[in-house]
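For reference, the chains in residue letters:
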Amino acid sequence: MSDCLFCRIVAGEVPADVVAANESAIAFRDITPVAPKHSLVIPREHYANLVEVAAAAPGTVTAMIQLAGEVAAAEGIAHDGYRLVANTGAAAHQTVFHAHLHVLGGRSMGWPPG
Ligand code: AMP
Ligand code: ZN
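Caption draft 1: Up close: the overall build of the protein chain. Secondary structure summary: the protein chain contains three helices and five strands in total. For the protein chain, the α and β elements follow one another from N to C terminus as α-β-β-β-α-α-β-β. The C-alpha radius of gyration of the protein chain comes to 13 Å, within 12% of the 13 Å expected for a compact globule of 114 residues. With the C-alpha coordinates of the protein chain rotated into their principal frame, the extents come out at 35 × 30 × 25 Å. Relative to its 114 residues, the protein chain shows a buried fraction of 39%. Here the protein chain holds 6 positive side-chain charges and 10 negative ones, and the gap between their average locations is 8 Å.

Caption draft 2: Just the environment of Val-19, in detail. Secondary-structure assignment places Val-19 in strand S1 (residues 18–21). Taking the C-alpha atoms as reference, Val-19 lies 13 Å from Met-64; in sequence the two are 45 residues apart. The residues touching Val-19, leaving out its near neighbours within four places in the chain, are Ala-27, Phe-28, Arg-29, Ser-39 and Val-71.

Caption draft 3: Main features of the layout of surface pockets. Taken as a whole, the largest pocket spans an internal volume of roughly 750 Å³. When residues of the lining of the largest pocket are traced back to their parent elements, those giving at least two are helix H1 (5–10), strand S2 (25–29), strand S3 (37–43), strand S4 (82–85) and strand S5 (101–105). The biggest single contributor to the lining of the largest pocket is H1, with three residues. Partitioning the lining of the largest pocket into residue classes produces 17 nonpolar, nine polar and five charged.

Caption draft 4: Examining the coordination of the zinc ion (ligand 2) more closely. Coordination sphere of the zinc ion (ligand 2), protein contribution only: Cys-4 (SG), Cys-7 (SG), His-46 (ND1) and His-98 (ND1), at 2.0 to 2.3 Å. Around the zinc ion (ligand 2) sit four donor atoms; with metal-centred angles ranging over 106 to 117°, the donor geometry is tetrahedral. Counting residues between consecutive donors of the zinc ion (ligand 2) along the chain gives the motif C-x2-C-x38-H-x51-H. Linking Cys-4 in the segment before H1 with His-98 in the loop between S4 and S5, this pair joins segments that are 94 residues apart in sequence. Among the residues examined, Cys-4 registers a relative accessible area of 7% and is labelled buried.

Caption draft 5: Quick look at the packing of aromatic side chains. In the structure shown here, the tally under the stated rule is one aromatic pair. Judged by centre distance (5.5 Å) and plane angle (80°), the ring pair of Phe-6 and Phe-28 falls under edge-to-face. Taken together, the residues Phe-6 in helix H1 and Phe-28 in strand S2 connect sequence positions 22 residues apart. For the residue pair Phe-6 and Phe-28, the accessibility class agrees, reading buried in each case.

Caption draft 6: Summary view of the environment of Ala-92. Position of Ala-92 among the secondary structure elements: in the loop between S4 and S5. Each C-alpha atom of the pair Ala-92 and Val-53 lies 18 Å from the other, and the pair is 39 residues apart in sequence.

Caption draft 7: Expanded view of the site of ligand 1. Taken together, 15 residues are adjacent to ligand 1, and Asp-30, His-93, Thr-95, His-100 and His-102 come closest. In this structure, Ile-31 approaches ligand 1 through a main-chain N or O atom, which is 3.1 Å from a nitrogen atom. Note that an oxygen atom of ligand 1 is positioned 2.6 Å from one of the backbone N or O atoms of Thr-95. Taken by itself ligand 1 offers 500 Å² of open surface, and the protein chains cover 85% of this. Counting atoms within 2 Å of the grid points, the majority share of ligand 1 lands in the largest pocket. Breaking the shell around ligand 1 down by element, the ones donating at least two residues are H1 and S2. For the shell around ligand 1, the residue count by class is six nonpolar, seven polar and two charged.

What counts and how
- Residues numbered from 1 in each chain as written.
- Chains lettered and ligands numbered in written order.
- Predicted model: local features only at pLDDT ≥ 70, side-chain atom pairs only at ≥ 80, totals over all residues.
- Heavy atoms only, no water.
- Helix = DSSP H or I, 4+ residues; strand = E, 2+ residues; numbered from the N terminus.
- Rg over C-alpha atoms; globule rule 2.2 N^0.38 Å.
- Buried < 20%, exposed > 50% of the residue type's maximum accessible area, 1.4 Å probe, protein only.
- Lys, Arg positive; Asp, Glu negative; His and termini not counted.
- Charge placed at Lys NZ, Arg CZ, Asp CG, Glu CD.
- Contact = heavy atoms within 4.5 Å.
- 1 Å grid on protein atoms, 1.4 Å probe; cavity = no way out; pocket = protein on both sides within 12 Å on 5 of 7 lines; lining within 4 Å.
- Points joined across faces, edges and corners; volume = space filled by probe spheres on them.
- Nonpolar A, V, L, I, M, F, W, Y, C, P; charged D, E, K, R; others polar.
- Donors = N, O, S within 2.8 Å, 3.2 Å for Na, K, Ca; no water.
- Tetrahedral: all angles 85-135°; square planar, octahedral: opposite > 155°, others 65-115°.
- Phe/Tyr/Trp six-rings, centres within 6.5 Å; stacked < 30°, edge-to-face > 60°.
- Near = heavy atom within 4 Å.
- Polar contact = N/O pair within 3.5 Å; in protein donor to acceptor, adjacent residues only side chain to side chain.
- Areas by Shrake-Rupley, 256 points an atom, 1.4 Å probe, with all protein chains shown as cover.
- Sits in = over half its atoms within 2 Å of the grid points.

Written out as structure tokens, the structure reads:
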């Protein structure tokens, strides 16, 4: 989708600080981090949210989670722990409607989330 920011990152039309990638997904640092380590994992194909990825391409969900694990290891947060977040829909604070997983770590996390 030419009007989708994350599709434009996949296409190389918008720069991103890429941390890791595999055949189905790309991980790059969030431009407005809310934790010391904050990356996004997105599918190369456009889907509006993670549930739509699961419905259409379940293998891509697995690839995204595997990549999130690689990001956590590369960022040094795998041992202490990290949070995977998939905001789904406007009420959950999804602002970019191309599926993504937040990989958040480097500090203690509160619960419940805001
Ligand atoms: P969400 O609110 O769950 O839809 O998350 C979207 C995320 O995308 C936010 O954390 C933004 O900071 C991040 N974001 C927006 N534009 C960019 C960009 N050009 N590069 C990296 N991250 C971005
Ligand atoms: Zn897209």
